[in-house]
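Given next are the chains, with one letter for each unit.
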Amino acid sequence: MVGYPASWVNNPDIIRLNDNMVSVNSALEIDLTGQINSEQIGDRPFSGTGGQLDFVRGAYAARNGRSFIALRSTAQSDSVSRIVPRLLGGAVTDPRNDVQFVVTEYGCVNLKGLSIPQRARALIQIASPEFQDHLEREATSLGWI
């Protein structure tokens, strides 16, 4: 067995050296701009960041690399959308400019290179159908669509 320090294993410059690198990470919520929160539920810490952002960046930078954020579209017995208008009280684990693919049970979207209106529309499409109208109204009121 070989052990390496996290400073090497989680280094995006090392991760990117792996052709066809794929990272798959999870999230607690994502806002309509593409910001990822994988650390907090409201004001309560849920987990640490680990190397999530390192692998998001490293995989995307790899030749033929891809980075995925996978999450269920809802929580709490389907009563709460995990795609939200804005992150309120939650930490930003992955900034919106680093997020590539987002996957829910309703589909997969590639956010790289999209404007805020395009991101909002794409994420609404993969939200739970019960929350899509609400998300669209919120995005409109925020001036994003």
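Everything discussed here concerns the structure shown above.
Residues numbered from 1 in each chain as written. Predicted model: local features only at pLDDT ≥ 70, side-chain atom pairs only at ≥ 80, totals over all residues. Heavy atoms only, no water.

1. Thoughts on the nonpolar core
By size, the foremost hydrophobic cluster in this structure holds 22 residues, and its most contacted members are I30, L32, I83, V102, L111 and L123. Those elements that place two or more of their residues in this core are α4 (116-125) and α5 (129-141). Looking at this core, the element that brings in the most residues is α4, giving four residues. The contact partners of I30, leaving out residues within four places of it in the chain, are Q35, I36, L71, R82, I83, V84, L87, V102, L111 and L123. (Core = buried A, V, L, I, M, F, W, Y, C linked by side-chain atoms within 4.5 Å. Buried < 20%, exposed > 50% of the residue type's maximum accessible area, 1.4 Å probe, protein only. Helix = DSSP H or I, 4+ residues; strand = E, 2+ residues; numbered from the N terminus. Contact = heavy atoms within 4.5 Å.)

2. Details of the side chain of N25
On the secondary structure map, N25 appears in strand β1 (residues 22-26). You can call N25 buried: its relative accessible area is 16%. Excluding residues that lie within four positions of it along the chain, N25 makes contacts with Q52, F55, V56, F68, I69 and A70.

3. Here we look at the environment of F68
With respect to the helices, strands and loops of the structure, F68 is situated in strand β6 (residues 66-70). Placed 18 residues apart in sequence, F68 and R86 show a C-alpha to C-alpha distance of 20 Å.

4. Notes on the environment of D78
Its place among the elements puts D78 in the loop between β7 (74-75) and β8 (80-81). Relative accessible area serves as the criterion here: at 40%, D78 is assigned to the partly exposed category. Note: C-alpha distance between D78 and S128 (50 residues apart in sequence) is 8.7 Å. The contact partners of D78, leaving out residues within four places of it in the chain, are R72 and F131.

5. Thoughts on α5
Taking 1.5 Å per residue as the helical rise, α5 with its 13 residues ought to reach 18 Å, and the 19 Å between its terminal C-alpha atoms agrees with that figure. Residues of α5 that are buried make contact with β7, β8, β9 (83-84) and α4. (Expected span 1.5 Å × (residues − 1).)

6. Here we look at the packing of α4 against α5
One way to put it is that α4 packs onto α5 with a least axis distance of 9 Å and a crossing angle of 170°. In terms of their interaxial angle, α4 and α5 are classed as roughly antiparallel. Packed against α4, whose contacting residues are A120, I124 and Q125, the element α5 presents Q132, L135, E136 and A139 at the interface. A breakdown of the residues in the contact of α4 with α5 according to their chemical character gives four nonpolar, two polar and one charged. (Axes fitted to C-alpha atoms, helices over the stretch in contact; angles between N-to-C directions. Parallel < 35°, antiparallel > 145°, perpendicular 65-115°, else oblique. Nonpolar A, V, L, I, M, F, W, Y, C, P; charged D, E, K, R; others polar.)

7. Regarding the packing of aromatic side chains
Within a pair of aromatic rings, the relevant descriptors are the distance that separates the centres and the angle that separates the planes. Under the definition given, this model contains two aromatic pairs. Above the plane of the ring of Y60 lies K112, whose end atom (NZ or CZ) is 4.1 Å from the centre. (Phe/Tyr/Trp six-rings, centres within 6.5 Å; stacked < 30°, edge-to-face > 60°. Lys NZ or Arg CZ within 6 Å of the ring centre and 35° of its normal.)

8. Describing the layout of surface pockets
The calculated volume of the largest pocket comes to roughly 280 Å³. Taken together, L28, E29, N37, Q40, I41, G42, A75, Q76, V80, S81, R82 and V84 make up the full set of residues lining the largest pocket. Residue assignment for the lining of the largest pocket shows that the elements contributing at least two residues are β4 (40-41) and β8. (1 Å grid on protein atoms, 1.4 Å probe; cavity = no way out; pocket = protein on both sides within 12 Å on 5 of 7 lines; lining within 4 Å. Points joined across faces, edges and corners; volume = space filled by probe spheres on them.)

Function cannot be inferred from these measures alone, as they are strictly geometric.
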